[in-house]
Amino acid sequence: MDKKTAVYICTGCGIGDALDIEQLKENGTEDFTIAHCKDHSFLCGPEGLDVIKKDTEDEGINSIIIAACSQRVNYDVFNFGPDKIVERVNLREQVAWSQPPKEEDTQMLAEDNLRMGCAKVDKMELPEPFKAEEEYSKDILVVGGGISGMTAALDTAKAGYQVLLVEKEDRLGGFLGKMKKTIKLPYKELTETGAEEMIKAVMEDPKIKVYTSSTVEKISGGPGIFSVDIKSNGNSATEKVGAVVQATGWVPYDANKLGHLGYGQFKNVVTNVEMEEMAAAGKITRPSDGKDVKNALFIQCAGSREPEHLPYCSSVCCLVSLKQATYLKEQDPETVNYILYKDIRTVGQAEDFYRKAQEDGNIFIRGSVLGVGEAGDKLYVEAEDELLGENIKVEDLDLVVLAVGMVPMTKPETTPKIKAPADSEDADEDGMMEVQPDSGFFATSALNLEYRQGPELPTLKYGFPDSHFICFPYETRRTGIYAAGCVRRPMETARAMDDAVGAAMKAIQCSEATAIGMAVHPRAGDLSYPEINMQRCTQCKRCTEECPFGMFNEDEKANPLPNPTRCRRCGVCMGACPERIISFKNYSVGMIGNMLKAINVPEEDEEKPRVVALVCENDAYPALDMAGIKRMSWSPYIRIVPIRCLGSINLVWVADAMSRGIDGLILMGCRHGDDYQCHFIKGSELADTRLSKVSETLDRLALESDRVQFVEVGITDYDKIPGIIDEFMKKIDEVGPNPYKGW
Amino acid sequence: MRKNGNYDPSFAREVFENVDFGDEIKMCMQCGVCAASCPLSLQMDHPPRQIFTLIRAGKREEVLSSQAIMLCTSCYTCKVRCPRKIPVVDVMHGLANYALKNGFVPRKDTANFGGKFWDQVYRIGRIDEKDLPRRYFFAGGFVEGIKNTLSFSDIGIKMFLHKRMKLLPERKIKGIISLRKMLDKAEKMQERGGASV
Amino acid sequence: MSDIQTTNQAILVIGGGISGITAALEAAEAGYDVVLVEKNPYLGGRVAQLHQYFPKLCPPNCGLEINFRRMRQNPRVRFFTMAEVSSISGQEGEYDITVRLSPRYVNEKCTCCGKCAEVCEVEIDNPFNFGMDKTKTAYLPHEFAFPMRYVIDPSIACTEEGKKCQDACEYGAIDLDIKETTFDLKVGSIVWAAGWEPYDASQVEYYGFGEYKNVITNVMMERMASQNGPTGGKILRPSDGKEVKNVAFVQCAGSRDENYLAYCSGICCLASMKHATYLREQYPDCDVTIFFIDIRALDRLEDFYTKVQEDEKVTFIKSKIANITEDEETGDLLLEGENTRTGEQIRMSFDMVVLATGMVPNKINMDPLPDVLFDDYGFLIYDPEKAGIYGAGCVRRPTDVASSVQDATAASLKAIQSIARR
């Protein structure tokens, strides 16, 4: 692209009152030979925009620097088409509104901001979307043929897309097919499961290709160009798909671990799953002798909400037991059902079904079980009745049902081990270490991804491959692969169906976006992608290890093999690369480096320190804007550089800044740790780690490591911003000026 | 520390089937709002929620001999507030009736007072503020009667002074015969289980 | 007013809360044109009023910021604030929609410089903070408002005050002659994400909400804890602005109660536990008592329950509170209930009481009503026979943010199917 750059400075909103605009024009652009430099008192107004538009038409201006308000506002107004580069320089929120007007320091800040903008544009290119050589597919692979999988398949087909449905059993249906009845909105009565109709609908849908008795042997490639090897009954097939829905479901918690509740010891102690199968097969009877059930007791949270078994709540067991108590009442209204519970958790409108179960005369006992025993051919249960304040015994029981919880299919029976890195402290005597749940090597085999970072979706701590984000429940660490239904989190039938539709939506969206080279969430629509100058690669593996989304594979010589359709454009690889050979067209190590170099560093005797803040553009940057909107004020010596993610920070920037005489560097990023808020998973954590290693660099430069600091700044922390900055400035003051000034 | 008890579902069934409004107890979710709404709950051995727990557990003796079921003053706060719309007042009255019918006299004095009250209404059609306490106080013997009377003498004197109590005995109301007929009929209806509030 | 042109290939999303925003974006990012209609002057709905999300205790504005950025750079989503759908006619694949735009009196020239608010002297109860403080009649709804543009309250539109604001604007952004307008749209399908409103706590008259100053609701607690709330993020007693030392949470304040809301609102247990963490973070000595019937912390939210239980200053008592009375002198509140575990009568005094009120689905104010099904409580039921209009989020069931977003994502695919069927 032959760049023709122009600068437009807005003097409205107090900018003109705060700054000497003529001086800004001169000093802010001097090194960049930008001939076009105009100002306007109302740049976002129709006349101001006309000036710019006219220049683009008459003068061929195609790179536009808007020095005005924050990039967060007027984005639509300052959009001059996809063939123009637009860069925003913040003179309003972070200068005019937060600094005293007509001060020398304010003027210098504005000039530096403009210089950084010019430096950025100088290095920036228009992104060209990635296009794989292969043909893209928009077909969707659904793994698992239970309620979630079938729903995902049907709803994908209804939207006009082709589906491949792979089920390991010889018939579709999963747990739904084993149920007698189900309970769903409006939670008044039991309803038919509809399993047969659903299976038929899937089998007959011309858009759905069903593979039963089949497994996914391998998935390679990336979104849009996944290649899937399916093995069925000894045959194998290879298919192309655009995206994947994993709906591999759940298994009941192993009741053999609940021996204290009589399971395995007494025949008439069954799990809720066994109870359901018995009901679906016909009549519920005593497993020991086939006789009628007169008295039954349901033990809720059997193994659930217990640290030594399943610490979480499986959400559905309350409703399931109420449903099964209804079966018994339907069989014989005289049956006495006891429900021994911790809390009845029938949320939302499901409270109606709790009421119905009460109306049916079921007896609810709040408390905890102490033991299950047998007297004659009857069972008894001892419990602590919390509301009666007594230890009680319920005798004469024909059946005890253990309401066991859901374990995701992804959870391995024993924690897998991998070879520990040489310097690992966690290694056992064989040099092996346990895999953490958030690793791609943890989960039980289902997808067999040909990914360097492991064959399965990383999971949360209990083994559910669920999103870590509240606002983005389909967030996934393997682009284009979405978990749905009970494998994602424990949920009832109706919710699993809704969930599957949502996952199908995400899969369709991913294959559509990928086909035109666009990123998916959270940088949805981004057309840039990382390009690697392989000639200079040293096979250090940092990019392949650190990419939060497993974008890189590796060849046997440890060369990174990028799969750009897996990329989410965070720039973590760019930050990781010590050789600085990974860059985006509009975001690169050199570009930010040049911005840092564009900062004018006054001589030491001027006593005007310079500090650079590298800030996360999603959270910390808006917080700084908010502080400006609130007219808070902070040191004029700080230079704010928004970046995609702190994970994209390359340590060379620290060296760049320090060697130029910058006195300090502060990183403002998202909270990390268990409740991390980085939307690129580990960006801020990586930045913090890298920073701790930077002391080495600083030592080499004979500088104090106090000059760099990482702070967690959330988007609503704007009230803390001035304090954070002032404190850092104080520290820099104590450390003294950077000795490299003026070199 | 804890007593031990066995659950017995037969009493719950008995209550559901035989006690007026007894089957409403099924809906109780043990929130306790009835107990805390009750102006007399501190006087009760088992406030309504506990009564329902005991029924569920099958504690027949404890429930039917509980004085709580006789103490309800029909203020209706519990019934208005119950989130499951259980007519707690009616259940308590139902239980009281059922207890009496089954030979439980959960609170002798309460039952005694009720009996004397009823007798007097039946006899003269109104309450005699001197006669009713006299009969009630002396039900336990002469010495007891004198003690009881003395303990209420302050109130008695004040009532005289405020002309709330006459010196002469109350007369029968007009139409006492019709009233007795009505009461007889009501009693019969109650026996048939047809009456409800 | 609007030059917007749509076809029956477009999707209409009603409601610009987290569900509506999600439904709109998910469909747009899959390549469909979407029109979003929101009645407030800003997007974000109830979520924008929350301080933190449970269980991560992270700020909702973080996710909203990402969503707004998605929206900014996606030309397929067009949105209207201060807009309401006034009529829907037609059927799946060919709906005719009329949208009514209320006047904002501020046009697109607004630079958000704030000059109008500087000169404005007339104040109104701040709706964003449930009337706990005042806002100028020329105002930005809140700092993170999207779109970031001021609003002039209609009460000053035709007054000298309005004129004063207009004169103060250097950019000609205030136009007091703007009238209510309507415009028509054609769309193929509709996502109904009108959200919810908090249950009116004054209905439960024995809790004294509205009468006793120190009885507040859970949504008010969110505003109080927020930096941009009425107290700058400090949780203070409304009656005297004092710090709190002893706070009670009354669960099921109206919910699970056939006299009020017979259903369970699903989120209030976790919301109160979250509020307990707000209090405990601000006041290391504050005691918190949560009165409940059942604690309903589904799936791994149980971990959050476990975590809050570990705080020894937080006590859980199983009791539905039956009465609240105020000590007129101190403003303290006496709570009565029955501890159902011990059978003891509770009479406990607190500085402040938070009522955990439930969610009520927002009603459809339209004549005639569109052809959709509702349950007993006014929640929208998905009926495959009546495809074309799809509920998303809390209009379908009372639920938390994650489930709403999940539901809205599903609704967007349903809406796309309606178009694909054409």
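This one's a predicted model, so the numbers in the text were calculated from it and none came from an experiment. (Residues numbered from 1 in each chain as written. Chains lettered and ligands numbered in written order. Predicted model: local features only at pLDDT ≥ 70, side-chain atom pairs only at ≥ 80, totals over all residues. Heavy atoms only, no water.)

Student: Before we move on, could you go through the interface of chain A and chain C and cite the residues and values that matter?
Tutor: Facing the 90 residues of chain A at the interface are 79 residues of chain C. For the pair chain A and chain C, the summed buried surface comes to about 7,500 Å²; carbon and sulfur atoms form 54% of the total. For chain A, the biggest contributors to the area lost against chain C are Q349, I470 and M505 of chain A; these three give 10% of the whole. Close ionic contact of E351 of chain A with R296 of chain C constitutes a salt bridge, the shortest N to O distance being 2.8 Å. On the surface where chain A and chain C come into contact, there are 44 residue pairs in polar contact (both at pLDDT 80 or more). Of all the elements in the fold, those that place two or more residues in the side of chain A that touches chain C are α6 (147-158), α10 (351-359), α11 (493-515) and α15 (620-629) of chain A. By residue number, the principal contributor to the side of chain A that touches chain C is α11 of chain A, which donates twelve residues. (Contact = heavy atoms within 4.5 Å. Buried area = accessible area lost by both parts, 1.4 Å probe. Salt bridge = Lys/Arg side-chain N within 4 Å of Asp/Glu carboxyl O. Polar contact = N/O pair within 3.5 Å; in protein donor to acceptor, adjacent residues only side chain to side chain. Helix = DSSP H or I, 4+ residues; strand = E, 2+ residues; numbered from the N terminus.)

Student: Mind laying out the pairing of strand β14 (residues 246-250) of chain C, listing which residues take part and the relevant values?
Tutor: All names here are of chain C. Within β14, four of the five residues are buried, which leaves the element mostly enclosed by the surrounding structure. In this sheet, strand β15 (residues 287-292) lies alongside β14 in parallel orientation, the contact comprising five bridges. Across the sheet, the residue bridging to V250 is F291, located in β15. Each parallel crossover has a hand, and for β14 linked through helix α6 (residues 268-282) to β15 it is right-handed. Two strands pair when backbone bridges link them, and β14 and strand β20 (residues 352-355) are joined in this way by four bridges, in the parallel orientation. Bridge pairing in β20 links A248 to V353. (Buried < 20%, exposed > 50% of the residue type's maximum accessible area, 1.4 Å probe, protein only. Pairing = 2+ DSSP bridges. Right-handed = clockwise from strand over helix to strand, strands pointing away.)

Student: Provide a residue-level description of the layout of surface pockets, including the pertinent values.
Tutor: Residues and elements named next belong to chain A. Volume-wise, the second largest pocket comes out at about 1,600 Å³. Residue lining of the second largest pocket: 40 residues in total, with R542, E545, E546, L686 and K693 positioned closest to the centre. When contributions to the lining of the second largest pocket are tallied by element, the ones reaching two or more residues are β23 (417-419), β24 (432-434), α12 (542-546), α13 (572-576), α16 (651-659) and α17 (683-700). For the lining of the second largest pocket, the element with the most residues is α17, which contributes eight residues. Tallied by class, the residues present in the lining of the second largest pocket amount to 15 nonpolar, eight polar and 17 charged. (1 Å grid on protein atoms, 1.4 Å probe; cavity = no way out; pocket = protein on both sides within 12 Å on 5 of 7 lines; lining within 4 Å. Points joined across faces, edges and corners; volume = space filled by probe spheres on them. Nonpolar A, V, L, I, M, F, W, Y, C, P; charged D, E, K, R; others polar.)

Student: Give a detailed account of the domain arrangement of chain B, specifying residues and quantitative values.
Tutor: Interface extent is often summarised as the accessible area lost during association of the parts. As far as domains go, chain B holds domain 1 (9-101) and domain 2 (108-192). Spacing between the C-alpha centres of domain 1 of chain B and domain 2 of chain B amounts to 28 Å. (Domains from an automatic or database assignment.)

Student: Would you mind going over the packing of aromatic side chains in detail, with residue names and values included?
Tutor: Considering all chains together, one arrives at 30 aromatic pairs over all chains under this definition. Ring geometry for F549 of chain A versus F680 of chain A: centroids 6.4 Å apart, planes at 85°, classification edge-to-face. In this pair, F549 of chain A sits in the loop between α12 and β27 (552-554) while F680 of chain A sits in the loop between β32 (664-669) and α17, placing the two residues 131 residues apart along the sequence. With a centroid separation of 4.3 Å and an interplanar angle of 10°, the aromatic rings of F68 of chain C and F146 of chain C are classed as stacked. With F68 of chain C in helix α2 (residues 60-72) and F146 of chain C in the loop between β8 (138-139) and β9 (151-152), this residue pair connects regions lying 78 residues apart in the sequence. Look at F68 of chain C and you get buried, because its relative accessible area is 4%. Joined through ring pairs, the aromatic side chains of F113, F117, Y136, F137 and F152 of chain B make up one cluster. In this structure, R566 of chain A packs its charged tip against the face of Y451 of chain A, placed 3.4 Å from the ring centre. The lysine or arginine in question, R84 of chain B, covers the ring of Y354 of chain A, its NZ or CZ lying 5.0 Å from the ring centre. (Phe/Tyr/Trp six-rings, centres within 6.5 Å; stacked < 30°, edge-to-face > 60°. Lys NZ or Arg CZ within 6 Å of the ring centre and 35° of its normal.)

Student: So, the side chain of S528 of chain A: which residues are in play, and what are the values?
Tutor: Residues and elements named next belong to chain A. By the secondary structure assignment, S528 is in the loop between α11 and β26 (531-532). Among the residues examined, S528 registers a relative accessible area of 1% and is labelled buried. Look past the residues within four positions of S528 in its chain and what remains in contact with it is P127, R569, F584, N586 and R644.

Student: Mind laying out the state of the cysteines, listing which residues take part and the relevant values?
Tutor: Per the counting criterion, the structure on display carries zero disulfides over all chains. Free cysteine C169 of chain C: the closest other cysteine sulfur is in C113 of chain C, separated by 6.0 Å. (Disulfide = S-S within 2.5 Å.)

Student: So what's going on with the domain arrangement of chain C? Residues and values would help.
Tutor: All names here are of chain C. Considered domain by domain, chain C is made up of domain 1 (11-102 + 180-195 + 362-420), domain 2 (115-168) and domain 3 (200-358). One C-alpha centre belongs to domain 2, the other to domain 3, and the line joining them spans 32 Å. Every contact between the two is made by seven residues of domain 2 and, on the other side, seven residues of domain 3. When the buried area of domain 2 at its contact with domain 3 is split by residue, N129, F130 and M132 rank highest and sum to 67% of it. Run the count over domain 2 and domain 3 and you get zero salt bridges. The interface formed by domain 2 and domain 3 holds three residue pairs in polar contact (both at pLDDT 80 or more) in total. Looking at the side of domain 2 that touches domain 3 residue by residue, the classes come out as three nonpolar, two polar and two charged.

Student: Just give me the short version of the nonpolar core, but keep the residues and values in it.
Tutor: Grouped together as the largest cluster of nonpolar side chains are 238 residues, with contacts concentrated most on L91 and W653 of chain A together with I11 of chain C. If sequence neighbours within four positions are ignored, I11 of chain C has contacts with A27, Y32, D33, V34, V35, V187, S189, V191, A415, I416 and I419 of chain C. Core analysis: the second largest hydrophobic core is formed by 67 residues, Y338 and L402 of chain A together with C34 and M70 of chain B among them. (Core = buried A, V, L, I, M, F, W, Y, C linked by side-chain atoms within 4.5 Å.)

Student: Please provide a residue-by-residue account of the interface of chain A and chain B, values included.
Tutor: Each side of the interface is counted separately: chain A has 23 residues, and chain B has 20 residues. When chain A packs against chain B, close to 2,100 Å² is buried across both sides, 48% of that on carbon and sulfur atoms. When the buried surface of chain A facing chain B is broken down by residue, Q358, L387 and E390 of chain A rank first, second and third, together holding 26% of it. Note that E390 of chain A and K59 of chain B form a salt bridge whose closest N and O atoms lie 3.0 Å from each other. Our count for the chain A to chain B interface comes out at twelve residue pairs in polar contact (both at pLDDT 80 or more). Elements that contribute at least two residues to the side of chain A that touches chain B include exactly β17 (336-341), α10, β18 (363-375), β19 (378-385) and β20 (390-397) of chain A. For the side of chain A that touches chain B, the leading source of residues is β20 of chain A, giving six residues.

Student: With reference to specific residues and values, describe the sheet that holds strand β10 (residues 214-220) of chain A.
Tutor: Residue and element names in this part refer to chain A. Read across the sheet, three strands follow the order β10-β11-β12 without closing on themselves; strand pairing throughout is antiparallel. Edge positions in the sheet fall to β10 and β12 (235-241), since each has one partner strand and no second. On average, each strand axis in the sheet is inclined to that of its neighbour by 25°, with strand direction left out of account. Of the pairings in the sheet, the one linking β10 to strand β11 (residues 226-232) comprises six bridges and is antiparallel in character. Across the sheet, S214 pairs through a bridge with S232, a residue of β11. (Axes fitted to C-alpha atoms, helices over the stretch in contact; angles between N-to-C directions.)

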